[in-house]
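So the chains spell out like this:
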Amino acid sequence: MKNSKKRILFGEYIVGSGLAAALKLKPKEVVNEVKKSELRGRGGAGFPTGLKWESAAVQKADQKFIICNADEGEPGTFKDRLLLMEHPGKILEGMAIAGYAIGAHHGIIYLRGEYVYLKKGIEERIDHMKATNLLGDKILGKRFNFDVEIRLGAGAYVCGEEFALIESLNGRRGEPRNKPPFPTEKGYLDKPTVVQNVETLCYVPYIIANGAEWFRTHGTMKSTGTKLFSISGDVENPGVYEVELGITVRELLEMVGAKDTKAVQVGGASGICVSEKDFDKPIAFEGLPPGGSIIVFNHSRKMLHVLENFMEFFVEESCGQCTPCREGNYRLLEGVRLLKKGDCTVAYLRDLMELARVMQISSKCGLGQMSPNPFISIIENFKDEILYS
Ligand code: SF4
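Keep in mind that what you see is a predicted model, and the values were worked out from it rather than measured. (Residues numbered from 1 in each chain as written. Predicted model: local features only at pLDDT ≥ 70, side-chain atom pairs only at ≥ 80, totals over all residues. Heavy atoms only, no water.)

Novice: Requested: an account of the overall build of the protein, with residues and values cited.
Specialist: A tally of regular secondary structure across the protein gives 16 helices and nine strands. Here the protein has a C-alpha radius of gyration of 21 Å; the compact-globule value for 389 residues is 21 Å, and the two agree. Summarising its shape, the C-alpha atoms of the protein cover approximately 70 × 45 × 35 Å along the three principal directions. Each of the 389 residues in the protein was classed as buried or not, and the buried ones make up 55%. At a minimum sequence separation of 6, the contacts of the protein that also span at least 24 residues come to 71%. Element-wise, carbon and sulfur atoms account for 50% of the exposed surface of the protein, whose accessible area totals about 16700 Å². (Helix = DSSP H or I, 4+ residues; strand = E, 2+ residues; numbered from the N terminus. Rg over C-alpha atoms; globule rule 2.2 N^0.38 Å. Buried < 20%, exposed > 50% of the residue type's maximum accessible area, 1.4 Å probe, protein only. Contact = heavy atoms within 4.5 Å. Areas by Shrake-Rupley, 256 points an atom, 1.4 Å probe, with all protein chains shown as cover.)

Structure representation (structure tokens):
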């Protein structure tokens, strides 16, 4: 698998086989199988999927919900778009299995507003699955009903955060909120809700059809399974690739035909930017962050331009609710512009690095906690270029 090019979601799959296998088990057994697989969320945070399902399954409520987070908005990330276009059936099957496991009968795909052109294709797949009894009432002849609707986002990056997404679905301003309670206790319409990324849901039918042990034969001890990466930048063959978790940066660069590479942004804009000294590190939950995108920069690129681009994005997308993120991102961007003009002293740069670390621990949600990552890693890994060239 490691050297296979662009193989997406393990290849061959018999439609409905995961759902059929799930419906032969008790809901608790489905949860346990996903727990045993050690599947972790592919949206960035990496929370164990089985634990999330268990937390929702034990709640007593008249309604529960499964939400597919299809609000893919991280710069450089386009792997969920491919899954929504070419594998919607696996996403829907994963949602139905999750619904059966936690006792939910309704699913919502929260689709990025800019992906509106994918809506028709997904709706057609929903209709087809209803016609073949894989969605709707008495699925595959069992006493289990599950239907899915699509709702569109409106272009805010922060709505990829699960609470902001739920607030948006509830008809309120899309802003993160404090936890607890967690969405699995009080989510959409204040009911227990499981929110899963598109890619995470796609692995679920394979795990149930083939077993947790089979899934664990892929990846590393601590990062099971494969991972899709959107690879872009200075490479000969950009695109979406499925590789084993644990692959090194250097192996990935070879796979996509990258030459003269100076820097690699691993894990999306909010990930970290590494230089050649780190190219032999694994991309995994215990290594470099396995977010959805890898952006490659060759030696013709100026790292301050790269950093300015990332920080402009975060200033634009901060929801402004908490001070460390709202003010901090603005100050970091201001610092990058001072550096570009040669007007930033070493002492002030040290203050900005301290501010970045404060943002990581004091911001309310993942956006403000992660947005300092490119700032810290680019300043640390490319200090000579930034300060002395
Ligand atoms: S960290 Fe940023 S995006 Fe998150 S709540 Fe605070 S201001 Fe909003």
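Novice: Summarise empty space enclosed by the protein; cite the residues concerned and give the values.
Specialist: Going through the model one piece at a time under the given rule, you end up with one cavity of 30 Å³ or more. The computed volume of the largest cavity comes to approximately 90 Å³. What lines the largest cavity is a set of 13 residues, among which Pro176, Cys319, Cys322, Cys325 and Cys365 lie closest to the centre. (1 Å grid on protein atoms, 1.4 Å probe; cavity = no way out; pocket = protein on both sides within 12 Å on 5 of 7 lines; lining within 4 Å. Points joined across faces, edges and corners; volume = space filled by probe spheres on them.)

Novice: Break down the state of the cysteines for me, with residues and values.
Specialist: Linking two cysteines covalently through their sulfur atoms gives a disulfide. Taken as a whole and assessed by the stated rule, the structure comprises zero disulfides. A disulfide-free cysteine, Cys68 has its sulfur positioned 7.9 Å from the sulfur of Cys202, the nearest such atom. For the unlinked cysteine Cys273, the closest cysteine sulfur is that of Cys344, found at 18 Å. The class of Cys273 is buried, set by a relative accessible area of 0%. (Disulfide = S-S within 2.5 Å.)

Novice: Talk me through the layout of surface pockets; I want residue IDs and the actual numbers.
Specialist: The volume enclosed by the largest pocket comes to roughly 1500 Å³. Along the wall of the largest pocket there are 50 residues; nearest its centre are Gly43, Gly44, Ala45, Gly160 and Glu161. Looking at the lining of the largest pocket, the elements that each hand over two or more residues are helix 3 (49–57), helix 4 (79–86), strand 4 (193–197) and helix 14 (366–370). The class makeup of the residues in the lining of the largest pocket is 14 nonpolar, 23 polar and 13 charged. Empty space within the second largest pocket amounts to approximately 210 Å³. In this structure, the second largest pocket is lined by 13 residues; those nearest its centre are Leu304, Leu339, Glu385, Ile386 and Ser389. Mapped by element, the contributors of at least two residues to the lining of the second largest pocket are helix 11 (303–317), helix 12 (323–341) and helix 16 (383–388). For the lining of the second largest pocket, the element with the most residues is helix 16, which contributes four residues. (Nonpolar A, V, L, I, M, F, W, Y, C, P; charged D, E, K, R; others polar.)

Novice: Can you tell me about the packing of helix 13 (residues 346–362) against helix 15 (residues 372–381), naming the residues and giving the values?
Specialist: Where helix 13 contacts helix 15, the two axes come as close as 9 Å, and the packing angle between them is 145°. Of the two elements, helix 13 crosses helix 15, and the hand of that crossing is left-handed. Each of Leu349, Leu352, Met353, Ala356, Arg357, Met359 and Gln360 in helix 13 lies in contact with helix 15, whose residues at this interface are Pro372, Asn373, Phe375, Ile376, Ile379 and Glu380. (Axes fitted to C-alpha atoms, helices over the stretch in contact; angles between N-to-C directions. Left-handed = near helix turned anticlockwise from the far one by under 90°.)

Novice: Account for the side chain of Thr226, naming residues and giving values.
Specialist: Relative to the assigned elements, Thr226 resides in strand 5 (residues 226–233). Overall, the relative accessible area of 0% leaves Thr226 in the buried class. Of the polar contacts made by the side chain of Thr226, one reaches the side chain of Glu242; its length is 2.6 Å. (Polar contact = N/O pair within 3.5 Å; in protein donor to acceptor, adjacent residues only side chain to side chain.)

Novice: Go over the pairing of strand 6 (residues 239–244), please, and point to the residues and values.
Specialist: Among the six residues of strand 6, six are classified as buried, and the element is accordingly described as predominantly covered. As paired elements, strand 5 and strand 6 share six bridges and run antiparallel to each other. Within strand 6, the residue paired with Ser230 across the bridge is Val240. Taking the residues that link successive antiparallel strands as the turn, the strand 5-strand 6 hairpin has five residues. (Pairing = 2+ DSSP bridges.)

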